[in-house]
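Now for the letters of each chain:
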Amino acid sequence: MNNIGVIGAGAFGTAMAYVFANDGNHVTLWGRDQTKMDAMAQSGVNADYLPDLPLPNGLLPTSDFTRLSDMDAILMVVPAQQLRGLLTQTNFDKITCPIIFCAKGIETDSGKLQTEIGAERLPNHQLAVITGPGFAGEIASGKPTALTIAADDPTLGERLQEMLSTPSLRLYLSNDMRGAQLGGALKNVLAIACGIVAGSGLGQSAQAALMTRGFAETSRLGLAMGAKIETLSGLSGFGDLVLTCTSKQSRNFSFGYTLGQTGAFSTGKTYEGVATAKACLKLAEQFNVEMPIAQTVADILDGQMDVPSALTSLMSRPLKAEN
Ligand SMILES: NC(=O)C1=CN([C@@H]2O[C@H](COP(=O)(O)OP(=O)(O)OC[C@H]3O[C@@H](n4cnc5c(N)ncnc54)[C@H](OP(=O)(O)O)[C@@H]3O)[C@@H](O)[C@H]2O)C=CC1
Ligand SMILES: O=C(CO)COP(=O)(O)O
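Conventions adopted
Residues numbered from 1 in each chain as written. Chains lettered and ligands numbered in written order. Predicted model: local features only at pLDDT ≥ 70, side-chain atom pairs only at ≥ 80, totals over all residues. Heavy atoms only, no water. Buried < 20%, exposed > 50% of the residue type's maximum accessible area, 1.4 Å probe, protein only. Helix = DSSP H or I, 4+ residues; strand = E, 2+ residues; numbered from the N terminus. Pairing = 2+ DSSP bridges. Right-handed = clockwise from strand over helix to strand, strands pointing away. Near = heavy atom within 4 Å. Polar contact = N/O pair within 3.5 Å; in protein donor to acceptor, adjacent residues only side chain to side chain. Areas by Shrake-Rupley, 256 points an atom, 1.4 Å probe, with all protein chains shown as cover. Nonpolar A, V, L, I, M, F, W, Y, C, P; charged D, E, K, R; others polar.

Colleague: Provide a residue-level description of the pairing of strand S2 (residues 26-30), including the pertinent values.
Modeller: Burial analysis of S2 places four of its five residues in the buried class, the great majority of the element. Here strand S1 (residues 3-7) pairs with S2 via five bridges, running parallel. Looking across to S2, one finds that Ile-7 is bridged to Trp-30. Of the crossover connections in this fold, the one passing from S1 over helix H1 (residues 11-21) to the parallel S2 is right-handed. By the bridge criterion, four bridges tie S2 to strand S3 (residues 59-62) in an arrangement that is parallel. Residue pairing in the sheet places Trp-30 in a bridge with Thr-62 of S3.

Colleague: Let's hear about the site of ligand 1: which residues, and what values?
Modeller: Close to ligand 1 lie 23 residues; Ala-11, Ala-136, Arg-251, Thr-270 and Glu-272 are nearest. Within the side chain of Lys-36, an N or O atom sits 2.9 Å from an oxygen atom of ligand 1. At 2.7 Å from an oxygen atom of ligand 1 is found a side-chain nitrogen or oxygen belonging to Arg-251. When ligand 1 is considered free in solution it has 900 Å² of accessible area, and contact with the protein chains removes 87% of it. A total of three residues in the shell around ligand 1 trace back to one element, the largest contributor, which is H1. The residue makeup of the shell around ligand 1, split by class, is 13 nonpolar, five polar and five charged.

Structure representation (C-alpha cells):
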C-alpha cells in the first residue's frame, strides 16, 4: 500500500486516482475548486468528469494542497498549457516525492515538454512520465490498459512501475521521457486531422493514409529531437495514435469530426491538439523537419484554410519517395 497523490481532478486525474485506490493505495486527489472537491467528497462521485462511477474507498478528494505533502509519488494531470501557471502559483516546498507528468501537449510559447517545464520549476525533484493509449472512462472502470512509464533514472522507473502497476493497468518501462511525451502530444494533432477527415466523409482510406503519413512526420520530428524510434513505435506513440485517431471517445478526434462536419470549433473540453498544433510547428522549424499535416491542421485552426482547400493542398504536394 502506498500514498499516491494526483494533481488535477479532471477525467484522467480522477481515473488514475480510481485505479490506484481500487488497488488498495491511499490516494489523495487534489483539485483547485474547493466547491467541486467538497461536493465530490460529499456525493462520492466526480459529477463533472466521471459521474457514473462512485469514488472507491481510500480515495480522498481535497482542495487543500498541504494534504499532498507526504506522498510516495504524485501524478501531475492538469492540461499541458496550464502546467507552468500551476507550478508558478503553487508552493511545492513541502513535496519531496517523485512527480509523474501525464499531460499530452507541448507548451505553445516555449515549445517545451511537460518534464522540461517541470525541471525548470522543480529542479530538485525526480521526474517521470506516464502516457499511452488509455481513455479515462475505460481506465476508471478497470478495463485492461497498458501505458508507458518513462524516467531517465532506471531505478526510479522500476520503483514507480512496481508501485503503480495494477491488475488492470500494466505499465511498461522506458528511459525515453522525451520520446514518450512527443508521441503523446503529437498524436493529438493527428487525431484532430483524422476527425476532420471522418467528419468530412472523406473515407477510411484517407484516414489510414493520414495516420500513416502523420506517424511518419511526427517520427521525423521525434528522431530529430533525440527520441528513440522504439518509443515512437510503442504504446506512447503508435499505440496512442491508433487509439485516438480512430475513436469518438477521443476529444481531439471529436473536435476534428465536428469541424469537418459543420465547420464549427467545439469548446468546453480539453482539446490538447489545438495548442500543440501551433507549438509543434515551432519545433519543426527549429529542427528543420517538414510537417505538412500539422501545418495544415494549424492553418485550418487559424481560419487560414478550409477543409476542401486543405485536402487539395495535401494531395497536390510534389510526389516523393515514401521514406
Ligand atoms: N481524458 C483522457 O482520457 C486522457 C487524458 N490525458 C491527458 O491528461 C491531461 C488532462 O486531461 P483531462 O484530465 O482529460 O482533462 P479534463 O478537462 O477532464 O480535466 C482538466 C483538469 O485540470 C484542472 N485544471 C485546469 N487548469 C488548471 C490550473 N491552472 N490549475 C489547476 N487545475 C487546473 C481542471 O480543473 P477544473 O475542473 O477546476 O476546471 C480539471 O480538473 C491532458 O493533457 C490529456 O491529454 C491522458 C490520457 C487520457
Ligand atoms: O490521450 C487520450 C487517450 O490515450 C485521450 O485523448 P483525448 O484527449 O483526445 O480525449
